[in-house]
Amino acid sequence: MSNGRGGIPNEVVEEIISRSDIVSVVGQYVQFTKSSGQNQFGLCPFHSEDTPSFSVSVNKQIYYCFGCHKGGNVVNFIMEIEHLSYIEALKFLAEKAGVTIPEPDDANYRKEEQLRKRLKQVLLEAARYYYKSFKSEKGEEARKYLQKRAITPSTATKFGLGYAPNEWSGLYNHLVSKGFTQQEIQKSGLFVTKNGKTFDLFRGRLMFPIFNAMGELIAFGGRIIGDGQPKYVNSPETPIYSKQRNLYALNFAKQAKMKRIIVVEGYMDVISMHQAGVTNAVASLGTALTERQLDLLERYCEEVVLFYDSDRAGQNAAVRGLKMLMERKKKHTGMTTQVRVAKVPNGKDPDEFIREFGKEEFAKVVEQAVPVLDYLVDSAHRQSMESGRFDAVVFQQLISTYLSWEDNMILRERAAYKAAQILGVSAQSVMSEVGKLSSQTHQEAITRSQKEVEKQTQILPERKSSETATRDELVLVCLLSALGSEYDKFVETYGDEPLETDFTMGSMRTIARQILPVLKEGKLDANRLLLAGDNLILNQRPAGATLSEALMSVKYGDDVNSLFAHTKDYLYRVRMNVYTKQKDMLAKRLDVMPEGPDRDATESLLRSTLLYLTELKKKMGKR
Ligand SMILES: [Zn+2]
């Protein structure tokens, strides 16, 4: 098997696509109200509209929206609508279509994958155990605690809350009785080993199951019932859990399909918020928001609003997290997700606030969230008041540091103005302090962005060259994709075939390079064509969208003969175009070229180009 994307063999990718009929897959999300020929029309799920401009082609197995210009094959559709990566979308479809994705042919990988599967089963069994204890007599204190926090039984069930009894080996004995091995038990993250003996990690705690974005149980958090330390204990890192890469309740929040996601610190905050109807809230699992977590959030929303606890520990974590955010903004200039910071009034937790004042008041607090730098100026003010009186030196130092993290001059000056008001000095003097610090960081930023550009061009060498295609080229590749197994007959009929050099340099030629071998095997179709455009830009849009549009609008003729004739016409038009451009370029060059061997060579090239063009014109005249 040839190796495809992300370790999934190409054969399997094709099987998944061919077994996932686009009409029935899209039909889960879109109601088709009209059909014309082979196309079904419905209201677009990606933009709001009153008349259907979203179409699905039954025979080409692609979709395209004439309103917002989104388009592609069934995998692209699932990526777009479920906010999944390419691999995740394939897995999603594979499951629905009943296709098994073989694991990479590596004994180690298979062993680890097997262990990960078993660990998930351990956690599920543990969740059942905690849930049973919660419902039993032992769980009375836990239930009372939730009642006190005004969490309803149905909310508790939705989040799968449980109770770990105050016993040393209750869960351990339970799992052994269920047949789990010592290795599986040890690696689950639910136990501690002391002096060769294994004990339950969570004892006398309210249990919060932690799910990944796909809804799989991967870890637990536990809160002590009553007094005692530490208040919260979480699963350590395990083969299936990394706290930096997950967000609590993201599996629920993503279903809200809102443009904004709210990030709070605690489990209880999230649960209260969901219960109050704020269903787009997640928690950062006891760390300041990490870069990985932000990557994850960017898939699901356009704006992130952060809430931090008002205690001092919370503030320090906040500042660390915010520095990361600002550095990240410098690295990703194309980043579209906005980040703002919100403060709950009167030093309350979001949980307390929403219970007391409700959803509407909370929405107002979210609306008042401020840009990151503004939040930092406030934070510097608070920190410089810690001794009980305002310490201008501390304030100035903090402000200089924070402002130097910001590259945008306008934002920086606005924040400097705010700081100057607090200090009672001019904004200019604040800026000159910042200048001393940031001349170094500015240089660092330049070096960093240079490296970034180099890295990008390495990954996407084609991005540097032309990203445009002519209308004729687009029509031609669509016609070629309709030839399928008739290709050999086409070549026989006209004694000619498309070449890489017929296409414009850049994206279009990259696509040609990939489809021509498939075409020769008689296996090119719309799907293969779209696959070739993956990750490329064509006419200012993702190539998939541009190609889908062309596939939807090209007329193929009624039978094989007219398809052949069309294809031949467009092949020669495209070729004509390329050679005409070459002719013009050579003529221009000759205008300024001195006598010599170079000029002779160019002249001879121009002559043969002209000759070829005459030949082409003759061929084009023939039917
Ligand atoms: Zn649309």
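Fair warning: this is a prediction, and the values are worked out from it, not measured in the lab.

Novice: Describe the overall build of the protein chain, with residues and values.
Specialist: When its secondary structure is counted, the protein chain shows 25 helices and 18 strands. Scored against the burial criterion, the 623 residues of the protein chain give a buried share of 46%. Pairs at least 24 residues apart make up 65% of the contacts formed inside the protein chain by residues separated by at least 6 positions.

Novice: Just give me the short version of the pairing of strand S2 (residues 39-42), but keep the residues and values in it.
Specialist: Here strand S1 (residues 32-36) runs beside S2; their pairing, made up of four bridges, is antiparallel. Pairing of Ser 35 across the sheet is with Gln 40, part of S2. Here S1 hands over to S2 after two residues, with Gly 37 in that stretch at a positive phi of 60°. Inspection of the sheet shows S2 paired to strand S3 (residues 54-57) by four bridges, in the antiparallel sense. Within S3, the position partnered with Gly 42 by the bridge is Phe 54.

Novice: For the sheet that holds strand S14 (residues 303-307), give the residues involved together with the corresponding values.
Specialist: Here five strands make up an open sheet; going across it, the order is S13-S12-S14-S15-S16 and the pairing mixed. A single partner strand is all that each edge strand has here, and the edge strands are strand S13 (281-283) and strand S16 (370-371). Note that strand S15 (residues 338-342) and S16 share two bridges and pair antiparallel. The partner of Arg 340 across the bridge, within S16, is Pro 371. Contacting strand S12 (260-264) and S13, helix H11 (residues 267-275) runs over the sheet at an angle of about 170° to S13.

Novice: I'd like a rundown of the pairing of S12, residues and numbers included.
Specialist: For S12, the tally of buried residues reaches four of five residues, placing the bulk of the element in the interior. Of the strand pairs in this sheet, S12 and S14 are connected by four bridges, and their pairing is parallel. Bridging from a neighbouring strand, Val 263 pairs with Leu 306 of S14. The pairing of S12 with S13 spans three bridges and is parallel. From the neighbouring strand, Val 263 faces S13, where its bridge partner is Val 282. Following the backbone out of S12, through H11 and into the adjacent parallel S13, one traces a crossover that is right-handed.

Novice: If you had to explain the pattern of salt bridges to someone new, which residues and values would you point to?
Specialist: It is possible for side chains of opposite charge to pair when their charged atoms get near one another. Summed over all chains, the structure comprises 24 salt bridges. Of the charged contacts in the structure, one is a salt bridge between Glu 125 and Arg 128, with a shortest N-O distance of 2.7 Å. Taken together, the positions of Glu 125 and Arg 128, both in helix H5 (residues 107-135) and three residues apart, correspond to about one turn of that helix. Relative accessible area serves as the criterion here: at 49%, Arg 128 is assigned to the partly exposed category. Glu 303 is the partner of Arg 260 in a salt bridge, and the nearest nitrogen-oxygen pair spans 2.6 Å. Taken together, the positions of Arg 260 in strand S12 and Glu 303 in strand S14 put the pair 43 residues apart, joining distant regions of the chain.

Novice: So what's going on with empty space enclosed by the protein? Which residues, and what values?
Specialist: Going through the model one piece at a time under the given rule, you end up with two cavities of 30 Å³ or more. In this structure, the largest cavity occupies an estimated 50 Å³ of space. Surrounding the largest cavity, His 83, Ala 253, Lys 254, Ala 256, Lys 257, Met 258, Arg 260, Ile 261, Asn 280 and Tyr 300 form its lining. In the lining of the largest cavity, the residues fall into five nonpolar, two polar and three charged. Volume-wise, the second largest cavity comes out at about 30 Å³. As for the second largest cavity, its lining consists of Thr 470, Glu 473, Asp 502, Thr 504, Val 574, Asn 577, Val 578 and Lys 581. Here the lining of the second largest cavity gets four residues from one element, more than from any other, and that element is helix H24 (residues 560-591). A breakdown of the residues in the lining of the second largest cavity according to their chemical character gives two nonpolar, three polar and three charged.

Criteria and thresholds
- Residues numbered from 1 in each chain as written.
- Predicted model: local features only at pLDDT ≥ 70, side-chain atom pairs only at ≥ 80, totals over all residues.
- Heavy atoms only, no water.
- Helix = DSSP H or I, 4+ residues; strand = E, 2+ residues; numbered from the N terminus.
- Buried < 20%, exposed > 50% of the residue type's maximum accessible area, 1.4 Å probe, protein only.
- Contact = heavy atoms within 4.5 Å.
- Pairing = 2+ DSSP bridges.
- Axes fitted to C-alpha atoms, helices over the stretch in contact; angles between N-to-C directions.
- Right-handed = clockwise from strand over helix to strand, strands pointing away.
- Salt bridge = Lys/Arg side-chain N within 4 Å of Asp/Glu carboxyl O.
- 1 Å grid on protein atoms, 1.4 Å probe; cavity = no way out; pocket = protein on both sides within 12 Å on 5 of 7 lines; lining within 4 Å.
- Points joined across faces, edges and corners; volume = space filled by probe spheres on them.
- Nonpolar A, V, L, I, M, F, W, Y, C, P; charged D, E, K, R; others polar.

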